[in-house]
Amino acid sequence: MGFARACSVALVGVEGVVVEVQADLEPGVAAFTLVGLPDKTLIESRDRVRAAVVNSGAAWPQKKLTVGLSPASVPKSGAGFDLAVAAAVLGAAEVVDPAVIADLVLIGELGLDGRVRPVRGILPAVLAAAEAGYRQVVVPQQCAAEAMLVPDVSVLGVRSLRQLIAVLTDGEVPEEDPPDPSGRPDPMLAGLVVPGAGLGTGVARGGEDGRDFPDLADVAGQHCARRALEVAASGGHHIFLSGPPGAGKTMLAERIPWILPPLTRQDSLEVTAVHSVAGLLPPGEPLVARPPYCAPHHSATMQSLVGGGAGVPRPGAVSLAHRGVLFLDEAAEFSTKVLDALRQPLEAGHVVIARAAGVVRLPARFLMVLAANPCPCGRHTLHGAGCECPASVIRRYQARLSGPLLDRVDLRVEVEPVTRSDLLGRSGRGEATAVVADRVREARDRAAVRLAGTPWRLNAEVPGHELRTRWQAGPGAMAQAERDLERGLLTARGLDRVLRVAWTVADLRGHDRPDPLDVAVALELRTGIARGATAAMGPGS
């Protein structure tokens, strides 16, 4: 009787659980039994592993074989267990030393010819293995760079099961296949990245040389909206852009990721883990360094927005936009239930999805940008444009964005129609993305110094109680906001959010704490009522 064990990782959302793969050989009729709550894909691994072992030159044991996946209570899915199952079987058959693979974590899919194919979710799987105390992992060679992002873990990238057997037995490592001279993409990467993954599905594309990404200077006019974007990026505040079609709402939203600072190392690992599980990690880019940008269509379902699906829930748009920007264009066209489902992630920074297969907690701390027209035809706020929408239709259209959802939006900006002088450049070209990004970075640095030693990093994350007691505004600065609260123009949550925005405006202007003008700017951006404060602030003031 032979017994051996190896380890692999089961992903539940973006979190991993180390699974012990045990293989047991007993005398009897040759059979292969797989137990431990596997799904359909994992059950099919019996045929893949058998063919891969035989085609790799090793003998398949002609005995009763039982492979158990422990703990059995954890759902297991995907083809990433193939490599661990093959290693455990070879260890039980004494082709390799069972002691060598006992503490080895193996992740990868096997082809029938023995080649090791890459799988999704390598980074969160290796992170889970490292947290569990494992220090040696074997992954497909195409995913080795992604696995090496985890510190203090020795990574071995293999292209075939034959190569792995040679390494484990100290044999001669076979030569790698020469690259395809035709220049075609590696067929082994098929299925690793979802087709169509581009702008709007997660990672924002563009180079660091300042030429490939959208420039804020391309937006004609919209001086107040540009300042509001700067405030939103500096403090992580959600923003609602309302205006007629063609005013530039989408152009403004697409440029927000490029005025945000690059992701920190920890944030990059979090974002990369989500995109790796979702299959949106760009080939050749194992680490996402820029804030992601996700712009789902208004026909998106609740599962696609907040996450879900059959079996174990998958990341949705709110998780793909983690540490980045979630842009909902034509927000009034989204389903009311879909929009209201955003309330939890907007407050908590994560989303909890409960399904029959289990409960999954996915990260979802993003900067939300809503854009909508004032009425179905979009001409309601234009003078002399001939809007024929009845008042009842306009009310119903605007009511699709519920009060509780808008109460969680810090900034509300009316995007004005572009004038001829703005469009033809007579009023001067606006500031470039790089200039605004420098001010945003400086404002975030001031906030980081103030919030050092606390669990918060941005002004939008600080609870209102802390702002009212620990970091107070200047003398008399909140008088106007308190009057608006008494008059019913602000809710208690709205007052806290005004104070948060005021701190961001103070950081942009280099103040130690908000003064009356900073609070007036925050009130104007929060209520949408023009008070002249935003124009008085000016760029860079």
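This structure is a prediction, so every number in the text was calculated from the model and none was measured.

**Q** Would you mind going over the packing of aromatic side chains with me for this structure?
**A** Any aromatic ring pair is given by two values, namely how distant the centres are and how the planes are angled relative to each other. This model, assessed by the stated rule, comprises 2 aromatic pairs. Measuring from ring centre to ring centre gives 5.6 Å for Phe 32 and Trp 60, while their planes differ by 45°; the resulting arrangement is tilted. Linking Phe 32 in strand S3 (residues 31-35) with Trp 60 in the loop between helix H2 (45-55) and strand S4 (64-70), this pair joins segments that are 28 residues apart in sequence. The buried category is assigned to Phe 32, whose relative accessible area is 8%.

**Q** Would you mind going over unusual backbone geometry with me for this structure?
**A** Peptide bonds are, in most cases, trans, and in most cases residues other than glycine have a negative phi. The step from Ser 70 to Pro 71 runs through a cis peptide bond, and the omega angle for that step is 5°. Tracing the backbone through its elements, the reader meets Pro 71 in the loop between S4 and helix H3 (82-92). You will see that Leu 37, though not glycine, has its phi angle at about 60°, which is positive. Inspection of the secondary structure assignment puts Leu 37 in the loop between S3 and helix H1 (40-43). Its identity is not glycine, yet Glu 94 carries a phi of approximately 65°, on the positive side. Take Glu 94: it is sitting in the loop between H3 and helix H4 (98-101).

**Q** Before we go on, may I ask you to explain the layout of surface pockets in this structure?
**A** Gaps left between atoms show up when a probe the size of a water molecule is rolled over them. Space inside the largest pocket adds up to approximately 820 Å³. Surrounding the largest pocket, 33 residues form its lining, Arg 323, Arg 365, Arg 457, Leu 458 and Glu 461 being those nearest its centre. Those elements that place two or more of their residues in the lining of the largest pocket are helix H15 (343-348), helix H19 (433-450) and helix H22 (492-509). Here the lining of the largest pocket is built from residues that sort into 17 nonpolar, 5 polar and 11 charged.

About the criteria used
- Residues numbered from 1 in each chain as written.
- Predicted model: local features only at pLDDT ≥ 70, side-chain atom pairs only at ≥ 80, totals over all residues.
- Heavy atoms only, no water.
- Phe/Tyr/Trp six-rings, centres within 6.5 Å; stacked < 30°, edge-to-face > 60°.
- Helix = DSSP H or I, 4+ residues; strand = E, 2+ residues; numbered from the N terminus.
- Buried < 20%, exposed > 50% of the residue type's maximum accessible area, 1.4 Å probe, protein only.
- 1 Å grid on protein atoms, 1.4 Å probe; cavity = no way out; pocket = protein on both sides within 12 Å on 5 of 7 lines; lining within 4 Å.
- Points joined across faces, edges and corners; volume = space filled by probe spheres on them.
- Nonpolar A, V, L, I, M, F, W, Y, C, P; charged D, E, K, R; others polar.

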